[in-house]
Amino acid sequence: MIGQFLRLTLRGVADLRLHPFAQLLTLLAVGMVTLLTGLILLAMHNVNLELLKTRGQVEFQIYWKATADADQVVKDWDAVRKLDHLRSFKTFTPDNALTELASTLGETGDFSWLADNNPLPYSGLAFFAVPPEAQQEGWATRLLTDLKSLPGVDKVNYAPFQADLAQGWRTLAQLVVWPIIGFLGLVVALVVHNTIKLSLLTRMDEVEILSLVGASPAYIRWPLLTGGLFQGLIGSGLGIGLLAIVHSFIEEALNFPPFMIQIQFIPIEQVLILAGSVTLVSIISSWVAIK
């Protein structure tokens, strides 16, 4: 029984050579659809990574008065660190801020001539976790008031809509992106289904002879179903390989000021899900064509 199963499986793989041009077009179509789906997943993954940096937190940019002395600034820094829900607090002296600005701008950021007359004030970046009570009106406003009330502080800037941005992206993904991925999956199904059906039409005489001599439906269908399985595996592998090549070219495309974003490849879990989904769609569409 196992020997017959293996023979039928190998026969299904060998039958892929019967119509090489049609099989090649099918593999290319499945590979291209896998590539397009992978590019969408790649974009979604990197957008989510960027949103994770600000999702669930509010960033305050704090600037001290130019006339504030170092002792007063240090006291204000200690007061900020004692505030509730503070996640992180990064401080900058005028010299630190000038160095950070120069490193961000790269070769064009030579500010050594300002070393003796630095116009930058003391500053800081404070990240606060958004607590449950933030749903109450005025939480961020009260925090903003507390920061502005510090003796040496000149001004405070913050972006109160960062959490709304993340929620808006999730809504966009549900309404637009996932339906596109579903449409591409349907394209894979139609391509594989039509290829298998055309293959069956060219082998109709062979199928009828096997039926007349008493071959069971499973004996006839399994090699054809195996062909659809291998088309899905090879096509998805081809698409994922092309996706890796594309990623190698665009990985550093946004890694420059002011973006400083390194494009990450999709996680291995998504790679396996993508390959498995394409293969599953190929098997199902092959089964429908065979039936």
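Below is a short write-up of the structure. Just so it is clear, the structure is predicted and the values come from calculations on it, not from any experiment.

1. Considerations on the packing of aromatic side chains
Part 1 of the reasoning: Under the counting rule described, the total for this entry stands at three aromatic pairs.
Part 2 of the reasoning: Each ring, one from Phe60 and one from Phe128, has its centre 5.6 Å from the other, and the planes form 90°; the classification is edge-to-face. Taken together, the residues Phe60 in strand β1 (residues 57-64) and Phe128 in strand β3 (residues 123-129) connect sequence positions 68 residues apart.
Part 3 of the reasoning: By relative accessible area, Phe60 is classed as buried at 0%.
Part 4 of the reasoning: With a centroid separation of 6.2 Å and an interplanar angle of 85°, the aromatic rings of Trp64 and Trp77 are classed as edge-to-face. Taken as a pair, Trp64 in strand β1 and Trp77 in helix α3 (residues 70-81) lie far apart in primary sequence, 13 residues in all. Both residues of the pair, Trp64 and Trp77, belong to the buried class.
Part 5 of the reasoning: Ring-pair connections join several aromatic residues into one group, and the members of that group are Trp64, Trp77 and Tyr122.
Part 6 of the reasoning: Its guanidinium or amino end placed over the ring of Tyr63, Lys155 lies 5.4 Å from that ring's centre, counting from NZ or CZ.

Parameters and conventions
Counting from 1, residues in each chain are numbered in the order their sequence is written. This being a predicted model, a pLDDT of at least 70 is required before a residue's local features are given, and a value of 80 or more before pairs of side-chain atoms are given or counted; all residues contribute to the totals for chains, interfaces and linings. Each side-chain value is derived from all of the structure's non-hydrogen atoms; neither hydrogens nor water enter the calculation. To pair, rings of Phe, Tyr and Trp, with the six-membered ring standing in for Trp, must have centres within 6.5 Å; the planes then decide the type, stacked if under 30 degrees apart, edge-to-face if over 60, and tilted in the middle. Only DSSP runs of H or I covering at least 4 residues are called helices, and only runs of E covering at least 2 are called strands; the numbering of each starts at the N terminus. For every residue, the accessible area obtained with a 1.4 Å probe (protein chains only) is divided by the maximum for its type, and the residue is called buried under 20%, exposed over 50%, and partly exposed between those limits. For a lysine, the NZ atom is tested; for an arginine, the CZ atom; a charge sits over a ring if that atom is within 6 Å of the ring centre and within 35 degrees of the ring normal.

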